[in-house]
Amino acid sequence: MAGTVSTIVSWAAQALSPRALPPRPAAGDSRSKTTFRIGSRKSELAMIQTNGVMAALQALNPTYTFELHTLETIGDKVLDVALSKIGAKNLFTRELEVLLVSGDVDLVVHSLKDLPTTLPPGLAVGAICEREDPRDAVIFRADLCDRFSDLSMLPPGSVVGTSSLRRTAQLLALYPKLIFESVRGNLNTRLAKLDASTNDGPEMKRYAALVLAAAGVHRMGWKDRIGQYLDPRECPYAVGQGSVAIECRDTDKATLDLLRGIAHDASALRCIAERACMRVLEGGCSVPIGIFSELTGGTMQLRGAVHSLDGSESAKAEHKAGVATVAQAEAAGMALARALKAKGAKDILDRIPRSAGPTAKPT
């Protein structure tokens, strides 16, 4: 896969469209640069991911200095509204990208699934790190852990919390007798709401379980709380889920060179294909698009699914192709998107209000 990392910049640049951001600073001479400023969200999970990236960079460059700059994004601040009802695709990235474009930081660490497929002009994905487990996981309420190990075991009418329209739509099709409700906040907050919830609590409901990205649960050190991993053949995961991406300026050669050392080619190719599929479908992290990717021996297997909000309709497709370059990964993802469109995926997505929220009652 020689050259994969170096061509990630051109991959990102192909899909850029203007957004109102500050003007970029001049690139300047960065050949002797040894101090790098890293931007991150303030949440505990974001800090765990960013500190991991920083530690990896420091280990490879022991004489360099890395400075951490943190902030809260609008997605961190607005916690009483479902993500899909807020509307924007860049809820967890916008403020960090402003710092990046203005030159206040040199690189930003993101959960890739939060990063829109279209980046602001002048920005690029400089590296995608080795992917964690991309599956979704179920955490049952503490007092229920010994009784249940699968969502199918929950009594009809049980409330399951999730912040994802995709998970809600997929799970409604599988478990129509359960109630799926929006639950917001960082992972600590959501877990506390799960274990402490009562019918008269702050959420006015008692959650039986939460459905979360397994990668985040693993990184937080809570793997022992997971009661069930959802089968990606039935519940394909979010595009880019489990991957950490580092965004930087596309003219910043020093930072791009720095990031080569922590880039993981196989993970990048899978995510590039997934993001190409989502871009063609014109989706985002708040719409019910699920995907599965596997790269073995130069062959990529892709499966995608798009569900209606109530889980009653779906479009599913598969695509297999030889993939060793960014261009081939992009082509594979776009081919999957075309196959999904042929099965009616675009029609399903077009009928979904962009202000929809993940609340569903049993049928």
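Refer to the preceding data block for the structure.
Each value, and the rule that gives it
- Residue numbers run consecutively from 1 along every chain, following the written order of its sequence.
- Only residues with pLDDT of at least 70 are given local features in this predicted model, and only at 80 or more are side-chain atom pairs given and counted; all residues enter the totals for whole chains, interfaces and linings.
- The side-chain figures draw on all heavy atoms in the structure; neither hydrogens nor water molecules are used.
- In this description a helix means any DSSP run of H or I spanning at least four residues, a strand means any run of E spanning at least two, and both kinds are numbered starting from the N terminus.
- For every residue, the accessible area obtained with a 1.4 Å probe (protein chains only) is divided by the maximum for its type, and the residue is called buried under 20%, exposed over 50%, and partly exposed between those limits.
- Two residues qualify as a contact provided that any one of their heavy atoms is within 4.5 Å of a heavy atom in the partner residue.
- For accessible areas, the Shrake-Rupley method is used with a probe of radius 1.4 Å. Any residue's cover is judged against the shown protein chains and nothing else.
- Following DSSP output, two strands are said to pair if at least two bridges run between them.
- The axes used here are C-alpha line fits, helices contributing only the stretch in contact, and every angle between their N-to-C directions lies in the interval 0 to 180 degrees.
- Pairing of aromatic side chains here covers Phe, Tyr and the six-membered ring of Trp, requires ring centres within 6.5 Å, and sorts the geometry by plane angle: under 30 degrees stacked, over 60 edge-to-face, intermediate tilted.
- We call a charge positioned above a ring when the Lys NZ or Arg CZ atom is no farther than 6 Å from the ring centre and deviates by at most 35 degrees from the ring normal.
- Directions are taken from the helix axis to each C-beta atom, and the arc is the one they span.
- Roughly parallel covers angles under 35 degrees, roughly antiparallel covers those over 145, roughly perpendicular covers 65 to 115, and oblique covers all other angles.
- The crossing is said to be left-handed when, going from far helix to near helix, the turn is anticlockwise and less than a right angle, and right-handed when the turn is clockwise.
- When residues are grouped by polarity, Ala, Val, Leu, Ile, Met, Phe, Trp, Tyr, Cys and Pro land in nonpolar, Asp, Glu, Lys and Arg in charged, and all others, Gly among them, in polar.
- By this rule, a helix spans an expected 1.5 Å times one less than how many residues it contains.
- For this document, the term salt bridge refers to a Lys or Arg side-chain nitrogen within 4 Å of an Asp or Glu carboxyl oxygen.

The next point concerns the overall build of the protein chain. Counting secondary structure elements, the protein chain contains 12 helices and 13 strands. Within the span of the protein chain, comprising 363 residues, buried residues form 56% of the whole. If you take every contact in the protein chain between residues at least 6 apart in sequence, the share linking residues at least 24 apart comes to 75%. Here the protein chain has roughly 14,800 Å² of accessible surface; of this, 52% comes from carbon and sulfur atoms.

Another point: the sheet that holds strand β11 (residues 289-296). Spatially, the three strands line up as an open sheet ordered β11-β12-β13, and their pairing is antiparallel. Sheet topology places β11 and β13 (314-322) at the edges, where each strand pairs with a single neighbour. In this sheet, neighbouring strand axes are inclined to one another by 10 degrees on average, regardless of whether the strands run parallel or antiparallel. Alignment of strand β12 (residues 299-307) against β13, held across nine bridges, turns out to be antiparallel. When the bridges of β13 are listed, glycine 304 appears paired with alanine 317.

What follows concerns the environment of valine 98. For valine 98, the location among the structural elements is in helix α5 (residues 94-102). We classify valine 98 as partly exposed; its relative accessible area is 25%. Sequence separation of valine 98 and proline 120 is 22 residues, and the distance between their C-alpha atoms is 9.5 Å.

Another point: the packing of aromatic side chains. Following the criterion strictly, the structure yields three aromatic pairs and no others. Aromatic ring contacts, followed pair by pair, group Phe36, Tyr64 and Phe66 into a single cluster. Arginine 135 extends its terminal NZ or CZ atom over the ring of tyrosine 229, reaching a point 4.2 Å from the ring centre. A cation over an aromatic ring shows up here: arginine 303 above the ring of phenylalanine 292, its NZ or CZ 4.2 Å from the ring centre.

Right, let's talk about the sheet that holds strand β9 (residues 226-229) for a bit. The strand order β7-β6-β8-β5-β9 describes an open sheet built from five strands, whose pairing is mixed. Both edges of this open sheet fall to β7 (179-182) and β9, since each of them pairs with a single strand only. Each neighbouring strand pair of the sheet contributes to a mean axis angle of 30 degrees, computed without reference to strand direction. Strand direction decides the pairing type here: strand β5 (residues 136-140) and β9, joined by three bridges, are antiparallel.

Let's shift gears to α5. Listed in full, the buried residues belonging to α5 are Leu96, Glu97, Leu100 and Val101. One face of α5 carries all of its buried residues, which in axial projection span an arc of 135 degrees. At its buried positions, α5 is contacted by β1 (35-41), β2 (65-71), β3 (107-111), β4 (123-128) and β10 (244-249). Downstream of α5 by a residue or two, glycine 103 has a phi angle that is positive, lying close to 90 degrees.

Turning our eyes to something else, we now look at the pairing of β5. With five of five residues buried, β5 lies mostly within the body of the structure. Taking every second residue as pointing to the same face, both faces of β5 are buried, with Asp136, Val138 and Phe140 on one and Ala137 and Ile139 on the other.

To continue, consider the packing of helix α10 (residues 265-281) against helix α11 (residues 326-342). A packed helix pair is summarised by two numbers, namely the angle formed by the two axes and the spacing between the axes. Where α10 contacts α11, the axes come no closer than 7 Å and their chain directions differ by 40 degrees. One way to sum up the angle between α10 and α11 is to call them oblique. Handedness of the α10/α11 crossing: right-handed. Together, Leu269, Ile272, Ala273, Ala276, Cys277, Arg279, Val280 and Leu281 of α10 and Val326, Ala329, Glu330, Gly333, Met334, Leu336, Ala337, Leu340 and Lys341 of α11 make up the contact between the two elements. Broken down by class, the residue content of the contact of α10 with α11 amounts to 13 nonpolar, one polar and three charged.

Because each turn of an α-helix spans 3.6 residues, side chains separated by three or four positions in sequence point in the same direction. Taking 1.5 Å of rise per residue, the 17 residues of α10 would be expected to cover 24 Å, and the 24 Å separating its terminal C-alpha atoms lies within 8% of that figure. Most of α10 sits inside the fold, with 13 of its 17 residues counted as buried. Positive phi shows up at glutamate 282, right after α10, with a value of about 60 degrees.

Attention now moves to the pattern of salt bridges. According to the stated counting rule, one finds 20 salt bridges in the structure shown. With a shortest N-O distance of 2.6 Å, aspartate 143 and arginine 141 are connected by a salt bridge. The class for aspartate 143 is partly exposed, based on a relative accessible area of 45%. With relative accessibility at 8%, the residue arginine 141 sits in the buried group. A salt bridge links arginine 249 to aspartate 252, with the nearest nitrogen and oxygen atoms 3.4 Å apart. We note that arginine 249, like aspartate 252, is buried. What emerges from the salt-bridge pattern is a single network uniting Lys33, Arg37, Asp106, Arg249 and Asp252.

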